[in-house]
Amino acid sequence: MRLRYRWLLLLLPIGCGPTDPPLTQAPPAEAVAPAPAATPARAVRPVFDVPALARLNIDQLRTALGPVAGPDTEPTAAERKEGIVEWAKQFKHDTTTLRVSYDVNTRQVIDFFITSAHGRATNYGPWLQLAHISPQDPRWSIEPFAMPGRPGVYLGVRVAPK
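Everything quoted here is computed from the prediction, not taken from an experiment.

1. Let's talk about the overall build of the protein chain
No. 1: A tally of regular secondary structure across the protein chain gives 5 helices and 5 strands.
No. 2: The secondary structure elements of the protein chain, listed N-terminal to C-terminal, are α-α-α-α-β-β-β-α-β-β.
No. 3: For the protein chain, buried positions account for 25% of its 162 residues.
No. 4: Summarising the internal contacts of the protein chain: among those between residues at least 6 apart in sequence, 47% fall at separations of at least 24.
No. 5: Roughly 11700 Å² of accessible area belongs to the protein chain as shown, and the carbon and sulfur atoms make up 59% of that amount.

Below, the structure written as structure tokens:
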């Protein structure tokens, strides 16, 4: 009978020990589950006011947004002769990039492509928020750009006025 109680005493500390990691220790990244769908999305403040920018031509847009990120080129005469009619410029703010395509003849904006330095996401909604675009706004054609070979993983989103 005494032997039984000794085993119980040895097993008692095992059953009463802490089972969760200390609160200061974060769980491994691969163990973190995505937020439940019922959790409201975190509000993202717009970086670019695309609806307001869409009313401008590329020259006015450059004035409004400041310097172009990367080379600030225009198509050469030879490229225009070959039929190039669309060109693009990029603008950056912090980690967000806005690529603006425009007609080289009329200078009117064709569309916007918004992405971030983070590069990939399974939800393109925050990019729309960064562009101040509502996904339900009927004035916009919204086209998420999926990573090749990885459906559901997005590299950015293209928005164009309808």
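2. A closer look at the pairing of strand β4 (residues 140-147)
No. 1: Bridging between β4 and strand β5 (residues 150-161) involves 8 bridges; their strand directions are antiparallel. Residue pairing in the sheet places Ala 146 in a bridge with Tyr 154 of β5.
No. 2: The hairpin turn running from β4 into β5, its antiparallel successor, is 2 residues long, and Gly 149 in that turn takes a positive phi close to 80°.

3. Section: the packing of aromatic side chains
No. 1: Enumeration over the complete set of coordinates arrives at 2 aromatic pairs.
No. 2: Taken together, a centroid distance of 6.0 Å and an interplanar angle of 85° make the contact between Phe 113 and Phe 145 edge-to-face. Taken as a pair, Phe 113 in strand β3 (residues 109-116) and Phe 145 in strand β4 lie far apart in primary sequence, 32 residues in all.
No. 3: With centroids separated by 5.1 Å and ring planes inclined at 80°, the aromatic side chains of Tyr 124 and Tyr 154 adopt a geometry described as edge-to-face. Highlighted residues: Tyr 124 in the loop between β3 and α5 (125-130) and Tyr 154 in strand β5, separated in sequence by 30 residues.

4. Remarks on unusual backbone geometry
No. 1: Non-glycine residue Arg 107 carries a positive phi angle of around 70°.
No. 2: On the secondary structure map, Arg 107 appears in the loop between β2 (96-103) and β3.
No. 3: Using a relative accessible area of 17% as the deciding quantity, one classes Arg 107 as buried.
No. 4: Look at His 132: it is not a glycine, yet its phi comes out positive at around 65°.

5. Considerations on the nonpolar core
No. 1: Membership of the largest hydrophobic core comes to 24 residues, with the highest contact counts inside it found for Phe 48, Val 50, Leu 61, Leu 98, Val 100, Phe 112 and Ile 114.
No. 2: Elements that contribute at least two residues to this core include exactly α2 (50-53), α3 (58-65), β1 (86-93), β2, β3, α5 and β5.
No. 3: Ignoring any residue separated from it by four or fewer positions in sequence, one finds Phe 112 in contact with Val 50, Leu 53, Ala 54, Leu 61, Leu 98, Arg 99, Val 100, Val 157, Arg 158 and Val 159.

6. Description of the side chain of Thr 97
No. 1: With respect to the helices, strands and loops of the structure, Thr 97 is situated in strand β2.
No. 2: Excluding residues within four positions of it along the chain, Thr 97 makes contact with Phe 48, Gln 90, Phe 91, Lys 92, Phe 113, Ile 114 and Thr 115.

7. Some remarks on the side chain of Ser 116
No. 1: Tracing the sequence through the fold places Ser 116 in strand β3.
No. 2: In this structure, Ser 116 is in contact with Thr 95, Thr 96 and Trp 127, ignoring residues within four places of it in sequence.

8. Thoughts on the sheet that holds β1
No. 1: Pairing within the open sheet is antiparallel, and its 5 strands lie in the order β1-β2-β3-β5-β4. Looking along the sheet, the strands with just one partner apiece sit at the ends: β1 and β4. Across this sheet, the average inter-strand angle for adjacent strands is 25°, counted without regard to direction.

9. Looking at α3
No. 1: In this structure Asn 57 caps α3, since a side-chain oxygen of it lies 2.9 Å from the backbone nitrogen of Asp 59.
No. 2: With its phi angle positive at about 90°, Gly 66 sits one or two positions after the end of α3.

Calculation criteria
What you see as residue numbers is a count from 1 along each chain, following the sequence as written. Selection of residues for local features in this predicted model requires a pLDDT of at least 70, selection of side-chain atom pairs for listing and counting requires 80 or more, and totals for whole chains, interfaces and linings are taken over all residues. Side-chain descriptors were evaluated using all non-hydrogen atoms of the structure, hydrogens and water having been removed beforehand. For the purposes of this entry, the term helix denotes a DSSP run of H or I that reaches at least four residues, the term strand denotes a run of E that reaches at least two, and both are numbered from the N terminus. Exposure classes here rest on a 1.4 Å probe applied to the protein chains alone. A residue is buried below 20% of its type maximum, exposed above 50%, and partly exposed in between. Here a residue-residue contact requires only that any non-hydrogen atoms of the pair lie within 4.5 Å. In these tables, accessible area is a Shrake-Rupley quantity obtained with a 1.4 Å probe, and a residue counts as shielded only by the protein chains included in the view. For two strands to be treated as a pair, DSSP must find no fewer than two bridges joining them. Paired rings are identified among Phe, Tyr and Trp, the last through its six-membered ring, by centres lying within 6.5 Å, and are further divided according to the angle between planes into stacked (under 30 degrees), edge-to-face (over 60) and tilted (the rest). Definition used in this section: a nonpolar core is a set of buried Ala, Val, Leu, Ile, Met, Phe, Trp, Tyr and Cys residues joined via side-chain atoms within 4.5 Å. Between N-to-C directions, angles span 0 to 180 degrees; the directions come from axes that are lines fitted to C-alpha atoms, helices contributing only their stretch in contact. Under the rule applied, a polar contact is a pair of N or O atoms within 3.5 Å (in protein, one hydrogen donor and one hydrogen acceptor; residues adjacent in sequence only if both atoms are side-chain atoms).

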